[in-house]
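# Survey of secondary and tertiary structure
Here is how the chains run, residue by residue.
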Amino acid sequence: MTTIAVLGAGKIGEALLSGLIKAGRAPSDLLFTERFPTRAEELTKTYGISHVDVPTAVERADVIVVAVKPQDIEPLLDEMAPKVPGGKLVVSLCAGLPTKLFERRLPEGTAVVRVMPNTPMLVGEAMAAISGGAHAADRDLDLVEELLGSVGKVARVPEGQQDAVTALSGSGPAYFFYLVEAMIDAGILLGIPRATAADLIVQSAVGAAAMLREGGGHPVMLREAVTSPAGTTIAGIRELEKHGVRAALIDAIEAARDRSVELGRAHEEDD
Ligand SMILES: NC(=O)C1=CN([C@@H]2O[C@H](COP(=O)(O)OP(=O)(O)OC[C@H]3O[C@@H](n4cnc5c(N)ncnc54)[C@H](OP(=O)(O)O)[C@@H]3O)[C@@H](O)[C@H]2O)C=CC1
Ligand SMILES: O=C(O)[C@@H]1CCC=N1
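The structure presented is a predicted model; accordingly, all values stated were derived computationally and were not measured.

### Remarks on the packing of helix H7 (residues 162-170) against helix H8 (residues 172-189)
Between H7 and H8, the shortest axis-to-axis distance is 5 Å and the interhelical angle comes to 30 degrees. Taken together, the axes of H7 and H8 are roughly parallel relative to one another. On H8, the residues that touch Ala167, Leu168, Ser169 and Gly170 of H7 are Gly172, Pro173 and Tyr175. Residue composition of the contact of H7 with H8, grouped by class: 4 nonpolar, 3 polar and no charged.

The following block contains the structure:
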């Protein structure tokens, strides 16, 4: 069995570990590193996975998943680099960081795959986009695709699209959560108890997502089907248009893309 080590088991690292276990992977095939002992103990208690130090993780794992914040990458690479033996596959989940940063800092020829996942990995509904670096072979991409395929959907994209992907599906769940939060607030304003408002909105979101995915319909057609002549929906849509919500979403996603580029640029002098 492939041994996978997650370096930095924060929110996305934990989502991956949890998703892999739910998908049937044995905890004994998983390792993780963390900075704080209390966090490490909590994860070991919850998932039965071994906490190890970075040298042990890179030595024992076949696949080394880097899941620290982009701002924390330099000291981790310093710690990893002398210990990564040949033939290991390094998978980066870090927003903005190009494969060439890892290739430059890790031993010559190290295969690197850049991945942008999202937190719905926790429930087996991730969207992950993967791109191979200069030394990543098809078998490396196949392995990463198989791994992530057990916790959701996987797309292969050119690395040049990863900053845009980060803004769309990496950050995307946050925008949906934000929308749901705002709609629940609207329910409160209209006098609906919070728990009822949450049920109404969450189930509407689940139903809409299922129609988008399974019904094969275009979002415009699906929205038109809800929008009756002289009805309630068009009254609401007019307000959304008046407030420029479509433009705000486009601007938000562009800003997220720009931030991803910026996170990568912070390490450019090292490339
Ligand atoms: N959250 C998300 O939805 C997504 C995140 N990502 C990417 O995943 C990465 C992690 O993000 P996220 O999980 O949100 O961040 P978190 O801060 O929750 O997780 C990072 C974890 O790594 C730990 N850490 C930092 N340096 C080291 C080290 N040298 N050794 C061991 N552990 C270390 C941090 O500890 P400490 O708490 O001490 O800092 C923290 O627990 C980022 O690069 C982000 O771009 C990608 C897709 C989606
Ligand atoms: O906010 C972030 O930077 C990370 C990357 C994508 C989602 N969360």
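### Looking at the site of ligand 2
The environment of ligand 2 is formed by Ala95, Gly170 and Ser171. Burial of ligand 2 by the surrounding chains reaches 45%, relative to a free accessible area of 250 Å².

### Considering the UniProt feature "domain: Pyrroline-5-carboxylate reductase catalytic N-terminal" (unreviewed entry) in the protein
Per the UniProt annotation, the sites labelled "domain: Pyrroline-5-carboxylate reductase catalytic N-terminal" (unreviewed entry) are residues 3-96. Between the first and last C-alpha atoms of residues 3-96 the distance is 26 Å; the span itself is 40% helix and 19% strand.

### Concerning the sheet that holds strand E7 (residues 126-132)
An order of E3-E2-E1-E4-E5-E6-E7-E8 is seen for the 8 strands of this open sheet, with the pairing classed as mixed. Here the strands that pair on one side only, and so sit at the sheet edges, are strand E3 (50-51) and strand E8 (152-156). Pairing analysis gives 5 bridges linking E7 to E8, with the strands arranged parallel. In the sheet register, Ala129 faces E8, and the bridge partner there is Ala155. Along the sheet face, helix H4 (residues 73-80) touches strand E1 (4-7) and strand E4 (63-66) and points at about 160 degrees away from the line of E4.

### Thoughts on the pattern of salt bridges
Tallied over the entire structure, the rule returns 18 salt bridges. Glu74 serves as the salt-bridge partner of Arg105, at 2.3 Å between the closest nitrogen and oxygen. With Arg105 in helix H5 (residues 99-105) and Glu74 in helix H4, the pair connects residues that are 31 residues apart, well separated along the chain. We note that Arg105, like Glu74, is buried. A salt bridge links Arg114 to Asp163; the shortest N-O distance between them is 3.2 Å. Placement of Arg114 in strand E6 (residues 111-116) and of Asp163 in helix H7 is noted, with a sequence separation of 49 residues between them. Neither residue differs from the other here; Arg114 and Asp163 are each classed as buried.

### Thoughts on helix H2 (residues 37-47)
Turning to H2, its buried residues are Arg39, Ala40, Leu43 and Tyr47. Along H2, the residues classed as buried sweep out an arc of 100 degrees about the axis, all on the same side. With respect to the buried face of H2, the exposed residues turned more than 90 degrees away are Pro37, Thr38, Glu41 and Lys45. Positive phi shows up at Gly48, right after H2, with a value of about 70 degrees.

### Some words on the nonpolar core
If you look at the biggest cluster of nonpolar residues, it comprises 33 residues, and the most contacted ones within it are Val115 and Leu148. Of all hydrophobic cores here, the second largest spans 24 residues; its members include Leu7, Val68, Leu76 and Val90.

Rules used throughout
- Residues numbered from 1 in each chain as written.
- Chains lettered and ligands numbered in written order.
- Predicted model: local features only at pLDDT ≥ 70, side-chain atom pairs only at ≥ 80, totals over all residues.
- Heavy atoms only, no water.
- Axes fitted to C-alpha atoms, helices over the stretch in contact; angles between N-to-C directions.
- Helix = DSSP H or I, 4+ residues; strand = E, 2+ residues; numbered from the N terminus.
- Parallel < 35°, antiparallel > 145°, perpendicular 65-115°, else oblique.
- Contact = heavy atoms within 4.5 Å.
- Nonpolar A, V, L, I, M, F, W, Y, C, P; charged D, E, K, R; others polar.
- Near = heavy atom within 4 Å.
- Areas by Shrake-Rupley, 256 points an atom, 1.4 Å probe, with all protein chains shown as cover.
- UniProt positions renumbered as here; feature names shortened; annotations may be inferred.
- Pairing = 2+ DSSP bridges.
- Salt bridge = Lys/Arg side-chain N within 4 Å of Asp/Glu carboxyl O.
- Buried < 20%, exposed > 50% of the residue type's maximum accessible area, 1.4 Å probe, protein only.
- Arc of directions from axis to C-beta.
- Core = buried A, V, L, I, M, F, W, Y, C linked by side-chain atoms within 4.5 Å.

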